[in-house]
Amino acid sequence: MEITYTEERNFTSQQVADLFLSVRWVVGKYPDRLHKALMNSSRVISAWDGDRLVGLIRVMDDSELVCFINYVLVHPDYHGQGIAGHLLEMVKDAYKSYLYINVMIGESKNAPFYEKYGFKIKDDSLPMQYRNVPKYTKK
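The structure contained in this document is the topic of the report that follows. The shown structure was predicted, so the numbers you read here are calculated from the model rather than taken from an experiment.

Definitions and limits used
- Residues numbered from 1 in each chain as written.
- Predicted model: local features only at pLDDT ≥ 70, side-chain atom pairs only at ≥ 80, totals over all residues.
- Heavy atoms only, no water.
- Helix = DSSP H or I, 4+ residues; strand = E, 2+ residues; numbered from the N terminus.
- Rg over C-alpha atoms; globule rule 2.2 N^0.38 Å.
- Buried < 20%, exposed > 50% of the residue type's maximum accessible area, 1.4 Å probe, protein only.
- Contact = heavy atoms within 4.5 Å.
- Areas by Shrake-Rupley, 256 points an atom, 1.4 Å probe, with all protein chains shown as cover.
- Lys, Arg positive; Asp, Glu negative; His and termini not counted.
- Charge placed at Lys NZ, Arg CZ, Asp CG, Glu CD.
- Polar contact = N/O pair within 3.5 Å; in protein donor to acceptor, adjacent residues only side chain to side chain.

It is worth spelling out the overall build of the chain at this point. Across its full length, the chain carries four helices and five strands. In summary, the chain has a C-alpha radius of gyration of 15 Å against a globular reference of 14 Å for 139 residues, a match within 12%. When its C-alpha atoms are laid out on the principal axes, the chain stretches across 40 × 40 × 30 Å. The proportion of buried residues among the 139 residues of the chain is 33%. Considering only contacts within the chain whose residues lie at least 6 apart along the sequence, 61% involve residues at least 24 apart. Summed over all atoms, the accessible surface of the chain reaches about 9400 Å², with 50% contributed by carbon and sulfur. Averaging the positions of the 18 positive and the 17 negative side-chain charges in the chain gives two centres separated by 9 Å.

Have a look at this one:
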């Protein structure tokens, strides 16, 4: 198996929905909106096993100083193969002239993963979010 990486946005709504749902992210329930959001993002790098979308990282930036990594996800079948780390390194390289690369970590248990790639928890910082997502139940 050889994973290939691309910034071409050749994925379909169904492919991205399947990937996001594989890790139980609610945005996968909105495939058309998710696809549109990815198509309008500053940068999206995807990981492929043949024609199967297996990983993705999404970045929003101000074109000069700061970028925000919104999503880093890898299909569970491909965990532990270094895909997420490779995606992070690609973003760090692409944004090496920026002053800050920020990441919004969905769960604090993921912090050690990002620390392994040089990210630091900012003192006195607290992520905040306002949710417009309808209530849903976990299954």
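So, on to the environment of arginine 9. On the secondary structure map, arginine 9 appears in the loop between β1 (3–6) and α1 (13–22). Residue class for arginine 9 comes out partly exposed when judged on its relative accessible area of 22%. Spatially, the C-alpha atom of arginine 9 lies 20 Å from that of lysine 92, the residues being 83 residues apart in sequence. With residues up to four places along the chain from it excluded, the contact list for arginine 9 reads Leu38, Met39, Asn40, Ser41, Ser42, Arg43 and Val44. Within the structure, arginine 9 has its side chain in polar contact with the backbone oxygen of leucine 38 (distance 2.9 Å). A distance of 3.3 Å separates a polar atom in the side chain of arginine 9 from the backbone oxygen of serine 42.

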